[in-house]
Amino acid sequence: MSGREGDRCAVVIGAGAAGTLTAIHLITHLSSRFHVELIDPSPDTGRGPAYSTDDDRHLLNVPASGMSAFPLDPDHFFRYVRAHHDREAQPQDFVPRRVYGDYLNHLLTTATEFPGSARLVRRHATVVDLTSDGGLGTVHLDSGEQVHARAVVLATSARPAAHWAPESLLDSDRLIADPWSRPLRDALPDDGDILLVGTGLTMVDVALAADRPGRRLHTVSRHALVPARHVLPTTPPVPPPPGITRISDLEHLRRVVEEHVARTVRETGDWRAAIDGLRPVTQQLWRGLSDDDRVDFLRHDARLWEIHRHRMPPITARRLDRLRDSGRWREYQGEVVAAEELPDGVRVRLSNGASLEVAAVVNCTGPLSSLAADPLLASLARTGVVRPGPAGMGIDTADLGRVVGTLTQATLFAVGSLRRGNLYESTAMPEIRVQAYNVARAVVRALHGETRQRPTDRYGQALSTSPEVAEIYDQALGSLLRLQEGAEEQLTEAVTLDPAFAQGHAALALLGHEWGTTTTWRQHLARAHEVAGDRHLDERESSFLDAVTTRLRTDEATGAAALLRHIRLFPRDALAVSVAVPTVAFGGLTSGPQTAELVEGLGKAYGDDWWYAGQLAFVRQDQERWKEADELTAYALSVEPASGHAAHARAHVFYETGRHSEGLGWLDRWIIDHGPGANHRSHFSWHAVLHELMSGDLHAARRRYANELAPPTVDGPRALVDAGALLWRARVTGAWLDTAAADQVLGAVDAARLDQPTTPFAAFHAALSLAAAQADGRLAALRGYAFGHSDPVIRELVAPLCDGLAAVLADDHLAAVDALTPVVARARALGGSAAQREVLEDTLITSLAAAGRVAEATALLDQRLCRRPSALDQRRRAALPATSVQRSS
């Protein structure tokens, strides 16, 4: 191949799962003027050692629902299983491993059949060297041929090595050093006992294949630990302890993990939920350890981790149980120390003194990940093209798998087990599919002349702009995540510096639409579409633009669904997540259990990230899991003291647990330190007023309202949510009555927000503000609007709420009770927090008392006081017989 042709060529060395997946992505993302060479001496493609077995007792150790080859299509493999293997398959089923090999072959074949895709060249050869010249890599084959390529991907897998075997055994034909070099039925003897050295998942497979009546299987390993089993149904993963990724000392990490597992067992009864919850942060934990601690972990902890992390399917575990119970399996702890050839077998002596006569010894210790075990890698290490990875595992790589070495003139990447030294977890499909996807994207860009890696935001999301503009965009994202002002201004600066920055324009359009603070969102959306084609946006940016467009140009339900789908595909797009989750800043796209499901599901993507911890803390307080919420907020604020989400969640924890004095003191300090830069800072003042109200300090509450909440200090939606609703709460609890102040609130809000609110939450607060101002006519009009609304929550809850509030103003408290009781029962559907919805119960209590139904009012207050002490509620309870709502003259 000529060098000029090499400019349009990418080479993948290794045709196992990782290499085949990388080739699939390259073929589908490159046009027909390019070609991809997939080089491996194996006659198979896509199988490698893992999926080469044809024994259907050898199952995937991950359910079908978790084995998709595509990170953006998590159900892809399950659909394949239904279509090509078992129509009745369920997501939790463990299917034969050969089916996965068939699946990868099917994907590669399908990719090559599309006429517009890059051409695939499959070479059955061995690579012996890799050099570079003139900006191209040169791949040297054992046949003497050379392949020139702009980019090369190393995807070779480590092979088993019997380094533990005494020399006398290494020279014996009775040693099966690599059980996957040919089908097990051909490798194993027909008769005689067998010794399996190593007790991991390879042993499990060999034992199932070797078992037969009259044969005894012996297993030995230094620890004699066998992989744990999966159980069905599975317990959802429990998020990692907050702050665990900031631990850099192995001994400290051991203690935290042990505590995490023990706590999870106490709460769920299943340790698996703790281990699965650690998976999203395992790579971070590994990278945070020193070299000495990594070696210490490998020596003392790795095996215990592996048997709990990589588990057997339930049916496989039951088969092993039957084998053990039959007496045909004997387990030993120790090592092989000597071997003696016999006429019909070999006599093996173990370190524990046992002597075994067996027909064969099978190496089940798994692959050896050192460079010396691979002739190609050993050669490349000698020339400096690669170097050993941390702890001597695999090869050293940088971000996205770029190989660290001397081959700087060509693009060289690695995927799969070669990256174990840097990532530790790098051999399972959930990691491999992401690596293959990311490396393929980087190679595609290199073949199109993009020599520099694209900058990213703080969560690794690529940005098609310059590093300078990307940094400004990330500053805007940081402001948004901290709930600080300036995000829109920073985004505007970004698109001013780079007018073709599509992501920046799309973000401005979305924020402008959601906040209603700008009338230019249409122009930004149009500009995003104009420039998108010029920048070759990556899939995440394209998906975001599509989702924003649907959100802004269609109805509420369709737009919400589009943005949520984008988040499912790209969960680390924190800007999109920020809009989707109901918070101080955004109305959100979900409520109640839906919000909890959304936020909890993001744990795999964010681990113990401080911003995510603040979001999860708010969910936990809404679930009344106060201790967890408190721990999460403490962690988030220890990392980022200005975190508005964490501060907001902590304010709710203080309020709901009745710690009003402590909460007010903490909140006042936070407002002083971080309030001046906080977005929606009036809401934090609203929380402070609640503490003052509950403490019975009504003068302080009125003073704070006048100084920090009254218009014109607050206007727009916050005037309704924080000021108008507070005035109604003050009125129905007997704290104070100020109709003039409520009139000011109405004057600070656009008429459309009061008369035609678009969400249940907004309609609920519009009704309270109108009632506080005694705007009977507008309240009646809002009731009519709500009654005819297409949203069932607005129709079924806000309309009767308006009836109830109107009845309170008319002193018809029996009618008010009838209207408000079902609204209070279903109040969660209105959105917002329990503290915000509590004003409805306050109104009902007052009407119950005024209607003479004192016992019911007392019961409601007693329930609340049992949950949370409050001087205000104690005073109200003591004065219940005289409770009424004043009507101003």
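Bear in mind the structure is a predicted one, so any value in this text is a computation, not a measurement.

Chemist: Where do I start with the pattern of salt bridges in this structure?
Modeler: Between side chains of opposite charge, a pair can form as their charged atoms come close. Scanning all chains against the criterion turns up 67 salt bridges. A salt bridge links arginine 778 to aspartate 755, with the shortest nitrogen-to-oxygen separation between them at 3.2 Å. With arginine 778 in helix 37 (residues 776-787) and aspartate 755 in helix 35 (residues 751-755), this residue pair connects regions lying 23 residues apart in the sequence. Accessibility expressed as a relative area gives 30% for arginine 778, which makes it partly exposed. Exposure remark for aspartate 755: the relative accessible area of 27% places this residue in the partly exposed category. The closest approach of N and O atoms between arginine 876 and aspartate 842, which form a salt bridge, is 2.8 Å. On the criterion of sequence distance, the pair formed by arginine 876 in helix 42 (residues 871-878) and aspartate 842 in helix 40 (residues 834-850) is long-range, its members being 34 residues apart.

Chemist: Which parts of the structure should I look at to understand the environment of histidine 230?
Modeler: Mapped onto the elements, histidine 230 comes out in the loop between strand 10 (217-221) and helix 9 (250-268). Among the residues examined, histidine 230 registers a relative accessible area of 13% and is labelled buried. Separated by 81 residues in sequence, histidine 230 and arginine 311 place their C-alpha atoms 5.8 Å apart. Not counting chain neighbours up to four residues away, the residues in contact with histidine 230 comprise Asn61, Phe94, Arg272, Arg311, Met312, Pro313 and Pro314. At 2.8 Å, the side chain of histidine 230 forms a polar contact with the backbone oxygen of asparagine 61.

Chemist: What is the right way to look at the packing of helix 18 (residues 467-482) against helix 19 (residues 487-497) in this model?
Modeler: Each pair of packed helices can be described by the angle between their axes along with the distance between the axes. The contact between helix 18 and helix 19 brings their axes to 8 Å, and the two run at 165°. Put simply, helix 18 runs roughly antiparallel to helix 19. Relative to helix 19, helix 18 is oriented so that their crossing is left-handed. Within the contact between the two elements, helix 18 uses Glu468, Val469, Ile472, Tyr473, Gln475, Ala476, Ser479 and Leu480 and helix 19 uses Ala487, Gln490, Leu491, Glu493, Ala494 and Leu497. Residue classes in the contact of helix 18 with helix 19 are distributed as 9 nonpolar, 3 polar and 2 charged.

Chemist: Even after reading the chapter, I still don't get the pairing of strand 15 (residues 360-363), so can you show me in this structure?
Modeler: The side chains of a regular strand alternate, first on one face of the sheet and then on the other. Residues of strand 15 alternate between two faces, with Ala360 and Val362 on one and Val361 and Asn363 on the opposite face, all of them buried. Two strands pair when backbone bridges link them, and strand 8 (residues 175-176) and strand 15 are joined in this way by 2 bridges, in the parallel orientation. Its bridge partner lying in strand 15, leucine 175 is registered against valine 361. Where strand 9 (residues 194-197) meets strand 15, 4 bridges bridge the pair, whose relative direction is parallel. Following the sheet pairing, leucine 196 is matched in strand 15 by valine 362.

Conventions we followed
- In this convention, every chain numbers its residues from 1, walking through the sequence in written order.
- Only residues with pLDDT of 70 or above have their local features reported here, since the model is predicted, and side-chain atom pairs are shown and tallied only from 80 upward, although totals for entire chains, interfaces and linings are computed over all residues.
- Computation of side-chain values covers all heavy atoms of the structure but excludes hydrogens and water.
- Only one rule defines a salt bridge in this text: a Lys or Arg side-chain nitrogen within 4 Å of an Asp or Glu carboxyl oxygen.
- A run of H or I in DSSP counts as a helix once it spans at least four residues, and a run of E counts as a strand once it spans at least two, with each numbered from the N terminus.
- Only protein chains enter the area calculation, which uses a 1.4 Å probe; residues under 20% of their type maximum are buried, those over 50% are exposed, and those in between are partly exposed.
- Only heavy atoms matter for contacts: two residues are in contact if any of them lie within 4.5 Å across the pair.
- What qualifies as a polar contact is a pair of N or O atoms within 3.5 Å, subject to a donor-acceptor requirement within protein and to the restriction that residues adjacent in sequence count only when both atoms come from side chains.
- Here an axis means a line fitted to C-alpha atoms, over the contact stretch when the element is a helix, while the angle between two N-to-C directions is reported on a 0 to 180 degree scale.
- For classification, angles of less than 35 degrees are called roughly parallel, those exceeding 145 degrees roughly antiparallel, those between 65 and 115 degrees roughly perpendicular, and all remaining angles oblique.
- Crossing chirality is assigned from the near helix's rotation relative to the far helix, an anticlockwise turn below a right angle marking it left-handed and a clockwise turn marking it right-handed.
- Amino acid classes used here: Ala, Val, Leu, Ile, Met, Phe, Trp, Tyr, Cys and Pro are nonpolar; Asp, Glu, Lys and Arg are charged; the rest, including Gly, are polar.
- Each pair of strands is called paired provided DSSP finds at least two bridges between the two strands.

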